[in-house]
Each structure stands twice: as C-alpha cells, then as structure tokens.
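Descriptive structure summary
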Amino acid sequence: MTPKNTICLWFDTDAHAAAQFYATTFPDSAVTAVHRAPDDYPGGKAGNVLTVEFTVCGVPCLGLNGGPQFPQTEAFSFQIATDDQEETDRYWNAIVGNGGQESACGWCKDRWGLSWQITPRTLTEAMAAGGDEARRAFAAMMTMTKIDVAAIAAARRG
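Before going into details, it helps to say that this report is about the structure given with it. Bear in mind the structure is a predicted one, so any value in this text is a computation, not a measurement.

So, the packing of aromatic side chains
All chains considered together, the criterion is met by ten aromatic pairs. Taking the centre distance of 6.0 Å and the plane angle of 40° together, the rings of tyrosine 22 and phenylalanine 54 count as tilted. With tyrosine 22 in helix α1 (residues 15-25) and phenylalanine 54 in strand β3 (residues 49-56), this residue pair connects regions lying 32 residues apart in the sequence. Exposure class is identical for tyrosine 22 and phenylalanine 54. Each is buried. When the ring of tyrosine 22 is compared with that of tryptophan 112, the centres are 5.9 Å apart and the planes differ by 80°; the resulting orientation is edge-to-face. Taken together, the residues span a long stretch of sequence, with tyrosine 22 in helix α1 and tryptophan 112 in the loop between β7 (107-109) and β8 (115-120) at a distance of 90 residues. Of the two residues, tyrosine 22 and tryptophan 112, neither departs from the other in class, the shared state being buried. One aromatic cluster in this structure is built from Phe21, Tyr22, Phe26, Phe54, Phe76, Phe78, Tyr91, Trp112 and Trp116.

Digging into the pairing of β3
Burial analysis of β3 places six of its eight residues in the buried class, the great majority of the element. For strand β2 (residues 30-36) and β3, the ladder comprises six bridges, and the chain directions are antiparallel. The residue bridging histidine 35 from the neighbouring strand is threonine 51, located in β3. Across six bridges, the pairing between β3 and strand β4 (residues 59-65) is antiparallel. Residue pairing across strands places glutamate 53 opposite leucine 62, the latter belonging to β4. Two successive antiparallel strands, β3 and β4, enclose a turn made up of two residues, where cysteine 57 displays a positive phi of approximately 50°.

Examining the packing of helix α3 (residues 121-129) against helix α4 (residues 131-141)
Taken N-terminus to C-terminus, the directions of α3 and α4 make an angle of 140°; their axes are 6 Å apart at the nearest point. The orientation of α3 relative to α4 falls into the category oblique. Judged by the twist between their axes, the crossing of α3 over α4 is left-handed. Residues Leu123, Ala126, Met127 and Ala129 of α3 pack against Gly131, Glu133, Ala134, Ala137, Phe138 and Met141 of α4. Residues of the contact of α3 with α4, tallied by class, amount to eight nonpolar, one polar and one charged.

Calculation rules
Residues numbered from 1 in each chain as written. Predicted model: local features only at pLDDT ≥ 70, side-chain atom pairs only at ≥ 80, totals over all residues. Heavy atoms only, no water. Phe/Tyr/Trp six-rings, centres within 6.5 Å; stacked < 30°, edge-to-face > 60°. Helix = DSSP H or I, 4+ residues; strand = E, 2+ residues; numbered from the N terminus. Buried < 20%, exposed > 50% of the residue type's maximum accessible area, 1.4 Å probe, protein only. Pairing = 2+ DSSP bridges. Axes fitted to C-alpha atoms, helices over the stretch in contact; angles between N-to-C directions. Parallel < 35°, antiparallel > 145°, perpendicular 65-115°, else oblique. Left-handed = near helix turned anticlockwise from the far one by under 90°. Contact = heavy atoms within 4.5 Å. Nonpolar A, V, L, I, M, F, W, Y, C, P; charged D, E, K, R; others polar.

Below you can see the structure in the form of structure tokens.
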C-alpha cells in the first residue's frame, strides 16, 4: 500500500546508491522498489533509474534522479535519535566516512549533500527540561561537531 505521505528527495543521478547506503546504515530501512524511465526524458535516457522507493528508520521516501539543478540544502535534514555514544559514533562515522562531511552541533552531510542530525537522546531530553539544564547542555553542544554524550551528560548535571 502506498503511504499517504512520502518524503521526496531530489538527487542528480545517484538516488539508488544513496538509498542502498541508507538501507545498510540505519535500522528499519530498506530499498523497496527501483523504477526506470520508460522513455528518454530531458537529461536522461530510457532505462535509467528514475525513482527509488525506500525507507529510512521506517520513514517512507522516494529518491528522484532529477538532475543537478536542485542540490540538497540544510533546509531539510533527517534527525536520527541515538541512545549512546556507540550508536552516535556508528552513524556519524558511516556518513562522514563514506565521503560526507562534518558540520556543527551534531550535523553532518552525506556524500550526496543530504544533511543529517545525529542527536543523542540525552541532548533532546536536556533541551526539553528547560532552564539551567537546557542552557548548560546547549552551551556544551555549541562547541561540538559530533555530539559527545558524556560531555552533554556532565553539562546536564552542572
């Protein structure tokens, strides 16, 4: 059954490779269908991969190979909640180590330009707590690229 809402992600030509990477990196993720163009189209030929249906952590997505005119931006990102430093490191290192790049405050980009927030639950919980706990955790986070779970936990305690 087709979901009511699907995230459509625009890729130049690598939607299938990206979807395969996400499926092997994140739990509850899979490539579910690959559709090829039935005819030539602007920028492509019949038989080229046109769309890829996949899920990322259970979220339905469609990768569209639409060409280079609309690159990914930080205006869209996946936020992946992690339980500990090991899980944080695993996802971060998979993305950055596969041609991606680090950014600030738990953000990184994959090699296709898609942004990811690798966010330990302790940080989210600290922000939800508000007050001094949130201020301390926020200040600690602002100094980080990949989130350091122990440093956030220490900041929460004061």
